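Coordinate inspection notes
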Amino acid sequence: MNGMREGLLVVDEDLRVIASNRAAHQLFPFANDRLDSRRLTELTRNTQVYSAFLTAIKTHSEQSGLRIETPDRRMFDLRVVPLADVDRSRTRGALGVFFDITRLERLERVRQEFLSNVSHELRTPLTAILAFVETLESGALDDKENSRRFLEIIRKNASRMHGLIDDILELSAIEAGNIQVRPEETELNAIVTDVMNAVAAKAAARNIQIINEVSAPVTVYADPRRLEQMLTNLIDNAIKFNREGGRVTIKYANGERNKIIVEDTGDGIPTQHLPRLFERFYRVDRARSRDLGGTGLSLAIVKHLAKAHGGEVTVESELGVGSRFTIDLPHFDRASLTSHKVEPPPQTISARSQSVN
């Protein structure tokens, strides 16, 4: 019994515990580590638990499918069976088994949220595409001026759907552990310069200045392609959610670990949003993010790639001043010059809502 992961309780006719295992002791915080010889009413205030055992004894029938939530928010599936005499003439007590389904419940909740978010994100551009296609089919195709504008809107929404699907596939591959990270000594300045060139047109369109303050000799221990991906997501978001004529600055700080910093001069992010910023599909301003072409997954991707390198990504923000994202990476270690596989996260993940690309 003590080797079981499930909590097990045996009670007599008076609902007094006559046997229990080690796992059961963790379920009842009011028991003070002593369960045997105590009544159920002394162990828990949960009426469902008491009723399940009482009903099993009184009706001589099995009670199952009961969901129990503990004070520490763990979820259990409770099954109670009556214990009768050999001739089944009298029920002497009941045996209850508590199956821990906390992880399953959480994963199911994550799955439902993910499907709901994906459906919602795809529905908006798809609705726009269908609406303008119907308009063109209804005769607007002959109106050259408007037809070009409608086609541009269709192209924009189709591109948005394509980007969302690409990000979903990328994040799914990372979470499934199918992405290989191959860290090596990498010149940070060169990576930042490549990213700046890639987003230069977007920055120029909003008159945003990108400043590279990383000195040429600086090297970090990272996968060059994945590091470029992380910086692209952060810098692209910093441009999207910046003020017109603002600045994006990329810095490097050396200490116990390498710190790559991306600062912007945007409106900042309210404090209550910061803890959830790296969740997938989370947005501070949903309408604005969609208008700017964000998928809500870019920061989730950054988070998991940083973890794959043995590091992390954090954010600081001040309203009216701007935001500061920091990729924290371990120093170069020759002993660990091997390929690293991205491990699946214990739960799922994320994006900047504001940045939430």
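Throughout what follows, the structure given in this document is the object of discussion. (Residues numbered from 1 in each chain as written. Predicted model: local features only at pLDDT ≥ 70, side-chain atom pairs only at ≥ 80, totals over all residues. Heavy atoms only, no water.)

Structural notes on the packing of helix α4 (residues 102-137) against helix α5 (residues 144-175)
Inclusion rule: Only C-alpha atoms enter the line fits that serve as axes; for helices the fit covers just the stretch in contact. Angles between N-to-C directions range over 0 to 180 degrees. We count a stretch as a helix when DSSP gives it H or I for four or more residues in a row; a strand needs E for two or more, and each element gets its number in order from the N terminus. Any angle from 65 to 115 degrees is called roughly perpendicular, while one under 35 is roughly parallel, one over 145 is roughly antiparallel, and all others are oblique. Helix crossings get a hand from a simple test, with the near helix turned counterclockwise from the far one by less than a right angle marking a left-handed crossing and a clockwise turn marking a right-handed one. For this scheme, ten residues count as nonpolar: Ala, Val, Leu, Ile, Met, Phe, Trp, Tyr, Cys and Pro. Four count as charged, namely Asp, Glu, Lys and Arg, and the remainder, Gly too, count as polar.
Contact geometry for α4 and α5: axes closest at 9 Å, N-to-C directions at 160°. When the interaxial angle is binned, α4 and α5 end up roughly antiparallel. Once α4 is placed against α5, the crossing between them reads as left-handed. A class-by-class count of the residues in the contact of α4 with α5 yields 18 nonpolar, four polar and two charged.

Observations concerning the sheet that holds strand β1 (residues 7-12)
Here is the rule: At least two DSSP bridges between two strands are needed for those strands to be called paired. Working rule for contacts: check all heavy atoms of both residues, and any pair within 4.5 Å makes them a contact.
The strand order across the open sheet formed by five strands is β2-β1-β5-β4-β3, and the pairing between neighbours is antiparallel. If you trace the sheet from one side to the other, it starts and ends with β2 (17-20) and β3 (63-69), each paired once. Looking at each pair of strands side by side, their axes are set apart by 25° on average, direction ignored. Along the sheet, helix α3 (residues 47-59) contacts β1, β3, β4 (75-84) and β5 (91-100); its crossing angle with β5, the most-contacted strand, is approximately 140°.

Section: the pairing of β3
When β3 meets β4, the two strands line up antiparallel, connected through five bridges. In the sheet register, Ile68 faces β4, and the bridge partner there is Phe76. Between the end of β3 and the start of β4, which pair antiparallel, lie five residues, with Arg73 showing a positive phi angle near 70°.

Concerning the environment of Asp264
Rules: Whether a residue is buried, partly exposed or exposed follows from its accessible area with a 1.4 Å probe, protein chains only, as a fraction of its type maximum: under 20%, in between, or over 50%, in that order. Each polar contact in these results corresponds to two N or O atoms within 3.5 Å; when the atoms are within protein, one needs to be able to donate a hydrogen and the other to accept it, and residues that are neighboring in sequence are counted only if both atoms are side-chain atoms.
By the element assignment, Asp264 lies in strand β11 (residues 258-264). Relative accessible area serves as the criterion here: at 7%, Asp264 is assigned to the buried category. For the pair Asp264 and Ile235, spaced 29 residues apart in sequence, the C-alpha to C-alpha distance is 8.7 Å. There is a polar contact of 2.9 Å between the side chain of Asp264 and the backbone nitrogen of Gly266.

Let's talk about the nonpolar core
Operational definition: Put simply, buried Ala, Val, Leu, Ile, Met, Phe, Trp, Tyr and Cys residues joined by side-chain atoms within 4.5 Å make one nonpolar core.
Counting residues in hydrophobic clusters, the biggest one holds 47 residues, and the most contacted among them are Leu188, Leu227, Leu231 and Ile235. By residue number, the principal contributor to this core is helix α8 (residues 224-240), which donates seven residues. Setting aside chain neighbours within four positions, we find Ile235 in contact with Val195, Val199, Ile210, Val248, Ile250 and Val262. In terms of nonpolar packing, the next biggest core, distinct from the first, is built from 21 residues, Leu15, Val17, Phe28 and Leu43 among them.

Some points on the pattern of salt bridges
Going by this rule: What counts as a salt bridge is simple: a side-chain nitrogen of Lys or Arg found within 4 Å of a carboxyl oxygen of Asp or Glu.
Overall, the coordinates contain 17 salt bridges when judged by the stated rule. The partner of Glu69 in a salt bridge is Arg73, with the nearest N and O atoms 3.7 Å apart. A relative accessible area of 38% means that Glu69 is categorised as partly exposed. The structure contains a network of salt bridges with shared partners spanning Lys251, Glu263, Glu316 and Arg324.

Thoughts on the pairing of strand β13 (residues 322-329)
Within β13, seven of the eight residues are buried, leaving the element largely enclosed by the surrounding structure. Here β11 runs beside β13; their pairing, made up of six bridges, is antiparallel. Paired with Ile261 across the strands is Thr326, a residue of β13. For strand β12 (residues 312-318) and β13, the ladder comprises seven bridges, and the chain directions are antiparallel. Bridged to Ser317 within β13 is Ser323. Linking β12 back to β13 in an antiparallel pair, the connection comprises three residues, with Gly320 at a positive phi of about 80°.

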